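The primary structure of each chain is shown beneath.
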Amino acid sequence: MKNNILVIGGGAAGLEAAANLERLGYNIILIERDKQLGGHLAKWDRLFPDGLPAQEVLDSLLDNISNVKCFTETDIQAINILDKSFNAILSNGITVLADAVLMASGFDIFPAAKKEEYGYGIYENVITNQDLEQMFKQQQSISPIPRAIGFVHCVGSRDEKAGNPACSKVCCATAVKQACEVKELYPDADVYCFYMDLRMFGRRYEDLYLKAQKSGVRFIRGRVSEVAQTADNRLLVKAEDTLSSKPVRVNLDMLVLMAGMRPSEAGHKVGIQLNLTTEDDGFFSAKDGMLSLQKSKLPGLFYAGACTGAKTLPDTLHEARSAAMEIDRYIKENFIKK
Amino acid sequence: MIDFGFGISPSSGINLNNSDKDTFSKLAKMEPNVLKCMACGSCTATCTAGDFKTTSLRTAILNLQNGLKDEALEILSGCMLCGKCTMVCPRGINTRHLILSINKIYGK
Ligand code: SF4
Ligand code: SF4
């Protein structure tokens, strides 16, 4: 008999882990809260650093899960431990008995309206990184043709007052990628990135930065302090150009906020039922931060992806694969008699 | 004019709405590498003239991007064109040539 494994979350981490576990011969039940699988990947247009279409990546992930039992629009209603296994009651009425559980609940995007000074939800030309991806995806153009567009890095990240002192890792590269895309669409527009540090740590990310510079994107080192509307419905943006120690102001037609990553609320609810511990940043804490990143302190419960902190997509996929290995080992050691 | 006993000093802030972007585009056309500066400060740190008079290519580039032409020329005025900064620029900018071009385009 195949052992049941419950995967919580149908984003990149959940899909990749499910595909690998299926290949290892397990019976996978994957649950996803949304109507569609894919998580944030399904909402994105193109991926840094090379501009690969997100849909292409998602399609490849979906191709590999043909035998996985997926329940979309499904939540965990209750979950507890029975003997060595997990007993989960799903919102669709089905009960699952699983020998291992993978938490792949990912992240929520920081609610940008909380940073009121940026005017998200107040001025319609203040949007988020995710909104811009949606516009790209739907090939929706910005009208009238913008003369100037700005990107604000670290919105809801590196910000204790917003409840998140950590860096969200992906938004610098996202901002620079989006700045390049905007510049390609509107070559005559002035494009500004307001940053504190540029964290272009990955392979070819620095090339992306150089590409943005060469295309004329202006990088201003300083955090935007406030945004106001002008009489002609544009945005007045204030920051300090900290490299010259002078306040700087500029009028823009659109401002894109790089909203960071917060722990998934839905994942948190499941975590509470299982007494999973979180770190100060709200993300789940792994068994140890170096050698057992995929394990939790609860035997049989594993983690993959951004539920343990902000991660890039390739890192998430790596974690999904290594979680599959860890789960395989756990099942063999605990359930399969030699 | 009535003397009210106080004056109005010009804003020390940078207003990018009326900054001169056209001349900077002209410079960028002639010296595309100017766009590659990442404000590391190596050029300023190594500048021989800088020991005697504040001289900074990094600041000059920034000033030009901010439309502050006079400040840019002033902070390059001590440059003796020794070219030492060219050796240290990690972006491979021919900084000496860039300074000549800045003076050509913006100079009086
Ligand atoms: S990746 Fe960049 S924009 Fe995102 S939180 Fe870190 S420093 Fe800020
Ligand atoms: S050394 Fe080069 S990159 Fe660094 S500040 Fe000077 S010109 Fe810019």
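Residues numbered from 1 in each chain as written. Chains lettered and ligands numbered in written order. Predicted model: local features only at pLDDT ≥ 70, side-chain atom pairs only at ≥ 80, totals over all residues. Heavy atoms only, no water.

K.L.:
Quick question: what am I supposed to make of the overall build of chain B here?
P.N.:
When helices and strands are counted, chain B shows six helices and one strand. For chain B, the α and β elements follow one another from N to C terminus as β-α-α-α-α-α-α. Seen through its principal axes, chain B has C-alpha atoms that stretch 55 × 30 × 25 Å. Within chain B, the proportion of its 108 residues that are buried is 42%. Expressed as a percentage of contacts within chain B between residues at least 6 apart in sequence, the contacts between residues at least 24 apart total 61%. Surface summary for chain B: the accessible area is close to 6300 Å², and the carbon and sulfur share equals 56%. (Helix = DSSP H or I, 4+ residues; strand = E, 2+ residues; numbered from the N terminus. Buried < 20%, exposed > 50% of the residue type's maximum accessible area, 1.4 Å probe, protein only. Contact = heavy atoms within 4.5 Å. Areas by Shrake-Rupley, 256 points an atom, 1.4 Å probe, with all protein chains shown as cover.)

K.L.:
Teacher, can you tell me more about the site of ligand 1 here?
P.N.:
Close to ligand 1 lie His-153, Cys-154, Ser-157, Arg-158, Cys-167, Ser-168, Lys-169, Val-170, Cys-171, Cys-172 and Arg-199 of chain A, which account for all nearby residues. Residue composition of the shell around ligand 1, grouped by class: five nonpolar, three polar and three charged. (Near = heavy atom within 4 Å. Nonpolar A, V, L, I, M, F, W, Y, C, P; charged D, E, K, R; others polar.)

K.L.:
Explain the confidence of the model for chain B here, please?
P.N.:
Do not read the predicted coordinates in detail wherever pLDDT is low. For chain B, the average pLDDT comes to 94, and 99% of its residues sit at 70 or higher. Across the assembled chains, the prediction reports ipTM 0.92 with pTM 0.95. (pLDDT = per-residue confidence, 0-100.)

K.L.:
Teacher, can you tell me more about the pairing of strand 9 (residues 100-103) of chain A here?
P.N.:
If a strand is regular, its side chains alternate between the two faces of the sheet. Residues and elements named next belong to chain A. Burial along strand 9 is two-sided: the residues Ala-100 and Leu-102 and Val-101 and Met-103 are all buried. Direction of pairing for strand 1 (residues 4-8) relative to strand 9: parallel, over a ladder of four bridges. By the bridge assignment for strand 9, Val-7 is matched with Leu-102. Where strand 9 meets strand 20 (residues 301-303), three bridges bridge the pair, whose relative direction is parallel. Each residue of the ladder has a partner; that of Met-103, found in strand 20, is Tyr-303. (Pairing = 2+ DSSP bridges.)

K.L.:
Please clarify how the environment of Asp-34 of chain A should be interpreted in this entry.
P.N.:
Residues and elements named next belong to chain A. Note on placement: Asp-34 falls in the loop between strand 2 (27-31) and strand 3 (46-47). Through-space distance from the C-alpha of Asp-34 to that of Thr-74 is 7.5 Å; in sequence the pair is 40 residues apart. Excluding residues within four positions of it along the chain, Asp-34 makes contact with Lys-43, Thr-72 and Glu-73.

K.L.:
Explain the side chain of Lys-183 of chain A to me, please; I cannot follow it from the model alone.
P.N.:
Residues and elements named next belong to chain A. On the secondary structure map, Lys-183 appears in helix 4 (residues 171-185). Here Lys-183 is buried and forms no salt bridge, its nearest opposite-charge partner Asp-190 lying at an N-O distance of 5.2 Å. A distance of 3.5 Å separates a polar side-chain atom of Lys-183 from the backbone oxygen of Pro-187. (Lys, Arg positive; Asp, Glu negative; His and termini not counted. Salt bridge = Lys/Arg side-chain N within 4 Å of Asp/Glu carboxyl O. Polar contact = N/O pair within 3.5 Å; in protein donor to acceptor, adjacent residues only side chain to side chain.)

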